[in-house]
Amino acid sequence: MLRCITCGTTYDIDQIRYTCDCGGLLEVQRDKPNVDRATFDARRASRKTIDQSGVWRFREAVLDVDNVITHPEGNTRLYERNGIYFKHEGENPTGSFKDRGMTVAVTQAVRLGATAIACASTGNTSASLAAYAAQAGLKAIVFVPSGKISTGKLAQTLAYGATCLQVRGDFDAAMRLVREACDRLGIYLVNSINPFRIEGQKTIVWELLQDLEWNAPDWIVVPAGNLGNTSAFGKALVEAHEYGWIDRVPRLASIQARGANPFFRSFTESFATRHRVEAETIASAIRIGDPVSHDKAVNAIRFTNGVVAEVTDEELMSAKREIDRMGIGCEPASATTLAGVKKLGLTGRIVCVLTGHVLKDTDAVMKNVSPDQMIEINPTIEDVARAVERSAAAPR
Ligand SMILES: *Cc1c(COP(=O)(O)O)cnc(C)c1O
Ligand SMILES: [Zn+2]
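Residues numbered from 1 in each chain as written. Chains lettered and ligands numbered in written order. Predicted model: local features only at pLDDT ≥ 70, side-chain atom pairs only at ≥ 80, totals over all residues. Heavy atoms only, no water.

Visitor: Help me understand the pattern of salt bridges in this model?
Guide: Oppositely charged side chains can form a pair if their charged atoms are brought close together. Going through the model one piece at a time under the given rule, you end up with 29 salt bridges. In this structure, the salt-bridge partner of Asp51 is Arg43, at a minimum N-O distance of 3.7 Å. Here the two residues Asp51 and Arg43 agree in accessibility, since each one is buried. With its nearest N and O atoms 2.7 Å apart, the salt bridge here joins Asp324 to Lys320. Placement of the pair is Asp324 and Lys320 together in helix α11 (residues 313-325), with a separation of four residues, close to one helical turn. One network of salt bridges, with partners in common, ties together Arg44, Arg57, Lys87, Glu89, Arg100, Glu207 and Asp211. (Salt bridge = Lys/Arg side-chain N within 4 Å of Asp/Glu carboxyl O. Buried < 20%, exposed > 50% of the residue type's maximum accessible area, 1.4 Å probe, protein only. Helix = DSSP H or I, 4+ residues; strand = E, 2+ residues; numbered from the N terminus.)

Structure below.
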């Protein structure tokens, strides 16, 4: 069933609604699933698509249905570099973790008989929605802040066939608009306010725990924008602990960009007030001033004895350069994780969740290329020799 996290009212799981009558956020509630870690581990070796998906492998604790719209997603790599783990969610089918939530939300949309789905997006949700809608044969309508999402994400969304409404306003305006549009026009909303998105995104945590042979790390570090992931990670840890899959709960560190830091501001006041800001940061995926999942994310930080930090654009871009230079690569928002680890001085076993692929935002890379690295030459051996020499002398 669906349960309001504010007042506890419950609703049927197949009712189309995203918030309680009291305005509170809804979450999926279920009885303890009858599966254990050994089942999940066995499914990793299975050849069935539903088992191969890093989301549906955990289906009894996600959405227990047989017919799923899956690419399949998940099974992303866990890299270890300089003593820190990086779970690379940019290795999902459309290049971001959004696929983990989208496969579940779109599966539920089909179950409910929806014919059209919509979201507001800074680019990655829209790309994911478009891909899954194409697979399911649903009409896709995305609301993006006009001129404020990367060309790659926009192109990807258009390529998969979605109708793209470029809203003259910021993400928060697009978010308000899509909620009203879905209510009025009978379109199914698949933003992370949709509780089924959260159910899918829990599997980022479960899969990384599985990657670590169920030995919980000390810290899980995640970028924080609309706070869907922070909320999902909290719920994943509550359930993993309750179901006996882990005996120790890792602490969450949610990292915001300084120019888009409402959750950080609330955290510094022990969440006494909910803040809203006008957001500006180079990390467009987290350029969000009024995060929808605020209340769930507060619970996640409290349950895990977690922390919230902010990093500047310079700090996150320098961390991005470091991640890129390790040969891993990520988009700017994802690099808030490593920047946050440094800022907070975290120690112990740390998993940074890299949320998006390096090619998602090529502008952010091209703007910072040194003339010693990209050198135009005439087709002569002399020019090659000069360029190689110059490149060897340049700082890396
Ligand atoms: C959506 C997104 C985020 C923000 O996640 P929230 O769940 O909205 O907090 C961070 N990084 C990337 C790459 C994203 O696409
Ligand atoms: Zn309520």
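The structure having been displayed, the exposition proceeds.
Visitor: Before we go on, may I ask you to explain the site of ligand 1 in this structure?
Guide: Neighbouring ligand 1 are 15 residues; Lys98, Asn124, Gly225, Asn229 and Thr355 lie closest to it. Leu227 places a polar main-chain atom, nitrogen or oxygen, 2.9 Å from an oxygen atom of ligand 1. In the environment of ligand 1, a nitrogen atom lies 2.8 Å from a nitrogen or oxygen atom belonging to the side chain of Thr355. Here ligand 1 occupies the largest cavity. (Near = heavy atom within 4 Å. Polar contact = N/O pair within 3.5 Å; in protein donor to acceptor, adjacent residues only side chain to side chain. 1 Å grid on protein atoms, 1.4 Å probe; cavity = no way out; pocket = protein on both sides within 12 Å on 5 of 7 lines; lining within 4 Å. Sits in = over half its atoms within 2 Å of the grid points.)

Visitor: Sorry if this is basic, but what is going on with the sheet that holds strand β9 (residues 188-189) here?
Guide: Here we have four strands laid out as an open sheet, ordered β8-β7-β6-β9, and parallel in their pairing. Taken across any chain shown, the strands that pair with only one partner, and hence form the sheet edges, are β8 (163-167) and β9. Summarising the sheet, strand β6 (residues 116-120) and strand β7 (residues 139-145) pair through five bridges and their orientation is parallel. Each residue of the ladder has a partner; that of Ala120, found in β7, is Phe143. On top of the sheet, helix α6 (residues 171-185) reaches β6, β7, β8 and β9; it is set at about 155 degrees to β6, its chief contact. (Pairing = 2+ DSSP bridges. Contact = heavy atoms within 4.5 Å. Axes fitted to C-alpha atoms, helices over the stretch in contact; angles between N-to-C directions.)

Visitor: Please clarify how the coordination of the zinc ion (ligand 2) should be interpreted in this entry.
Guide: Tetrahedral coordination by four donors places them ideally at 109.5 degrees to one another around the metal; octahedral coordination by six donors ideally gives 90 or 180 degrees. The protein atoms that coordinate the zinc ion (ligand 2) are Cys4 (SG), Cys7 (SG), Cys20 (SG) and Cys22 (SG), at distances of 2.3 to 2.4 Å. Taken together, the four donor atoms coordinating the zinc ion (ligand 2) and their angles of 106 to 119 degrees define a geometry best described as tetrahedral. Site description for the zinc ion (ligand 2): donor spacing in sequence, C-x2-C-x12-C-x1-C. (Donors = N, O, S within 2.8 Å, 3.2 Å for Na, K, Ca; no water. Tetrahedral: all angles 85-135°; square planar, octahedral: opposite > 155°, others 65-115°.)

Visitor: Explain the layout of surface pockets here, please?
Guide: The method is simple in principle: a probe with the dimensions of a water molecule rolls over the atoms, and the space it marks as empty is what remains. In this structure, the largest pocket encloses a volume near 370 Å³. Around the largest pocket, the lining comprises 18 residues; the ones closest to its centre are Glu27, Val28, Lys235, Val238 and Glu239. Residue assignment for the lining of the largest pocket shows that the elements contributing at least two residues are β3 (26-28), α8 (228-242) and α10 (294-303). Per-element tally for the lining of the largest pocket: the top contributor is α8, with six residues. (Points joined across faces, edges and corners; volume = space filled by probe spheres on them.)

Visitor: Which parts of the structure should I look at to understand the nonpolar core?
Guide: Across soluble globular proteins, nonpolar side chains have a tendency to be buried as a group. In this structure, Ile117, Leu129, Phe143, Trp206 and Phe233 are the most contacted members of the largest nonpolar core, which totals 95 residues. Of all the elements, helix α7 (residues 195-211) adds the most residues to this core, at seven residues. Counting only domains with at least three residues in this core, you end up with domain 1 (1-30) and domain 2 (78-91 + 197-367). Excluding residues that lie within four positions of it along the chain, Leu129 makes contacts with Met102, Ile117, Ala118, Cys119, Ala140, Ile141, Val142 and Val190. Among the nonpolar cores identified, the runner-up in size contains 31 residues, and Ala283, Cys330, Ala339 and Ile350 belong to it. (Core = buried A, V, L, I, M, F, W, Y, C linked by side-chain atoms within 4.5 Å. Domains from an automatic or database assignment.)

Visitor: Would you explain empty space enclosed by the protein in this entry?
Guide: Per the counting criterion, the structure on display carries one cavity of 30 Å³ or more. Considered as a void within the structure, the largest cavity measures approximately 300 Å³ in volume. At the level of secondary structure, the elements contributing two or more residues to the lining of the largest cavity comprise α4 (124-136), α7 and α8. Considered class by class, the residues forming the lining of the largest cavity number 10 nonpolar, 13 polar and three charged. (Nonpolar A, V, L, I, M, F, W, Y, C, P; charged D, E, K, R; others polar.)

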